[in-house]
Amino acid sequence: MCTLEKRGNIFFLTLIGNDQHLLNPTLISSIRSAISEVNSQSTPGSVLITLAQGNYFSNGFDLNWAKSTSSSDQSTSPSKAVDLIVHMVHLFKQLVADLVSLPMPTIAAVTGHAAAAGMILAISHDYVLMRRDRGVLYMSEIDIGMTIPDYFAAMVRSKVGKPEVRRDVLLRGVKAKAEEAVGMGLVDSAHDSAERVVEAGVRMGEELGDKKWDGEVYSEIRKSLYPELCNVLSLTTRDIAKTRFF
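Named according to an unreviewed UniProt entry, the protein is Delta(3)-Delta(2)-enoyl-CoA isomerase originating from Centaurea solstitialis. Regarding the protein, the UniProt comment filed under Pathway (unreviewed entry) reads as follows: "Lipid metabolism; fatty acid beta-oxidation."

Where nonpolar side chains cluster on the molecular surface, the patch consists of Leu63, Ile144 and Met146 and spans about 220 Å² of accessible area. Among the secondary structure elements, Met146 is positioned in the loop between α5 (141-144) and α6 (150-159). Taking the relative accessible area as the measure of exposure, Met146 reaches 31% and is therefore partly exposed.

Mapped onto the elements, Gly54 comes out in the loop between β3 (47-52) and β4 (56-58). Along the sequence, Gly54 and Gln20 sit 34 residues apart, while their C-alpha atoms lie 7.9 Å from each other. Sequence-distant contacts of Gly54, that is, excluding residues within four places in its chain, are made with Gly17, Asn18 and Thr111.

A separate point is the sheet that holds β4. Taken together, four strands build an open sheet; the order of strands is β4-β6-β8-β9 and the sheet is mixed. Looking along the sheet, the strands with just one partner apiece sit at the ends: β4 and β9 (175-176). Bridge count between strand β6 (residues 113-115) and strand β8 (residues 137-138): two bridges; the pairing is parallel. Bridged to Ala115 within β8 is Tyr138.

Glancing now at the sheet that holds strand β1 (residues 2-7). Strand order in this open sheet of six strands is β1-β2-β3-β5-β7-β10, and the pairing throughout is mixed. The sheet terminates laterally at β1 and β10 (189-191), the two strands that pair on one side only. Going across the sheet, the axis of each strand differs from the next one's by a mean of 20 degrees, ignoring polarity. For β3 and strand β5 (residues 106-110), the ladder comprises three bridges, and the chain directions are parallel. The partner of Leu48 across the bridge, within β5, is Thr106.

On to the packing of aromatic side chains. A full pass over the atoms with the stated rule returns six aromatic pairs. When the centroid spacing of 6.1 Å and the interplanar angle of 75 degrees are considered together, the rings of Phe92 and Phe152 count as edge-to-face. Residue Phe92 is located in helix α3 (residues 79-100), and its partner Phe152 is located in helix α6; the two are separated by 60 residues in the primary sequence. Phe152 shares its class with Phe92; the two are buried. Ring geometry for Trp213 and Tyr218: centres 5.9 Å apart, planes at 25 degrees, overall stacked.

A separate point is the environment of Ile221. Among the structural elements, Ile221 can be located in helix α10 (residues 215-225). The class of Ile221 is exposed, set by a relative accessible area of 51%. Distance from Ile221 to Gly185, taken between C-alpha atoms, is 21 Å for residues 36 residues apart in sequence.

What follows is about the side chain of Thr106. Among the secondary structure elements, Thr106 is positioned in strand β5. At 2.9 Å, the side chain of Thr106 forms a polar contact with the backbone nitrogen of Asp126. Contact partners of Thr106, with chain neighbours within four places excluded, come to Leu48, Ser124, His125, Asp126, Tyr127 and Arg222.

Of all six residues that make up strand β2 (residues 10-15), six are buried, and the element is covered over most of its length. Judged by which residues are buried, β2 turns out to be covered on both faces: Ile10, Phe12 and Thr14 on one side and Phe11, Leu13 and Leu15 on the other are all buried. In this structure, β1 lies alongside β2, joined through six bridges in antiparallel fashion. The residue of β2 that forms the bridge with Glu5 is Phe12. Between β1 and the antiparallel strand that follows it, β2, lie two residues; Gly8 among them carries a positive phi value of about 65 degrees. Read as a crossover between parallel neighbours, the route from β2 over helix α1 (residues 25-40) to β3 is right-handed.

Locating Ser219 in the fold gives a position in helix α10. Beyond its immediate stretch of four places on either side in the chain, Ser219 contacts Ser101, Leu102 and Pro103.

What follows concerns the packing of α1 against α3. The contact between α1 and α3 brings their axes to 10 Å, and the two run at 20 degrees. Classified by the angle between their axes, α1 and α3 sit roughly parallel to one another. In terms of crossing hand, the pair formed by α1 and α3 is left-handed. Listed contacts from α3 to Pro25, Ile28, Ile31, Arg32 and Ile35 of α1 are His87, Met88, Leu91, Phe92, Gln94, Leu95, Asp98 and Leu99. Grouping the amino acids of the contact of α1 with α3 by side-chain chemistry returns nine nonpolar, two polar and two charged.

About the cut-offs
Residues numbered from 1 in each chain as written. Predicted model: local features only at pLDDT ≥ 70, side-chain atom pairs only at ≥ 80, totals over all residues. Heavy atoms only, no water. UniProt positions renumbered as here; feature names shortened; annotations may be inferred. Patch = residues over 30% accessible without salt bridge, like charges linked within 9 Å, V, L, I, M, F, W, Y side chains within 5 Å. Areas by Shrake-Rupley, 256 points an atom, 1.4 Å probe, with all protein chains shown as cover. Salt bridge = Lys/Arg side-chain N within 4 Å of Asp/Glu carboxyl O. Helix = DSSP H or I, 4+ residues; strand = E, 2+ residues; numbered from the N terminus. Buried < 20%, exposed > 50% of the residue type's maximum accessible area, 1.4 Å probe, protein only. Contact = heavy atoms within 4.5 Å. Pairing = 2+ DSSP bridges. Axes fitted to C-alpha atoms, helices over the stretch in contact; angles between N-to-C directions. Phe/Tyr/Trp six-rings, centres within 6.5 Å; stacked < 30°, edge-to-face > 60°. Polar contact = N/O pair within 3.5 Å; in protein donor to acceptor, adjacent residues only side chain to side chain. Right-handed = clockwise from strand over helix to strand, strands pointing away. Parallel < 35°, antiparallel > 145°, perpendicular 65-115°, else oblique. Left-handed = near helix turned anticlockwise from the far one by under 90°. Nonpolar A, V, L, I, M, F, W, Y, C, P; charged D, E, K, R; others polar.

Below, the structure is given as structure tokens:
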């Protein structure tokens with residue numbers, strides 16, 4: 001589950017508990033509900049910081065949930081687990097779309113491991129700050145024998161600038177610690193502890209919030225940066241200036 005707190009212009013969305021923050025329908029729904037609340041309270045200068053308690057930012061989809069849920073019904077076939085994974089993929093796609101279209105700057109404070117869908121959750125934010133002494137970014141699908149959804153591939157192509165880094169992330173399953181991730185262009189900065197990551201996120205959030213940017217304009221410019229991703233997510237763009245002034 002997650003909590004939502006507002007301090008000044010900054011919203012703090014926290015994945016609570018010391019577990020792996022596995023993305024199942026319950027957690028995805030909880031995060032989407034929090035983001036919806038953030039969206040409804042957005043004003044010029046608002047900023048979102050997402051963080052997590054414990055050793056994990058998120059370890060990806062809850063595959064054990066799919067397996068246990070399908071096996072609890074003796075009448076179901078093995079394909080039921082696959083159907084449940086596809087269901088989670090669809091639900092998470094909506095969460096990614098929520099973040100990409102959110103009318104404010106977003107910051108992921110990654111203080112632990114972010115793997116597979118957990119890494120996609122992190123890089124769905126505008127900025128990613130990472131703890132130097134703990135945690136890796138890791139797309140595990142190649143190692144566990146799963147293909148990736150179309151919006152995962154579009155996100156990586158949109159957010160990771162170097163072709164060789166995209167190759168290593170998706171086709172080699174590289175586990176990138178903070179300093180390496182900075183050099184690869186996966187994260188913006190590395191910090192010495194969880195507290196330092198959050199402090200850096202707050203400083204960045206305050207600096208961005210002081211700009212008092214129009215949230216709708218911010219969202220539209222963000223979407224225009226990633227046309228392939230937005231097409232896959234079924235997000236459209238519109239000309240705010242033309243709508244308002246002409």
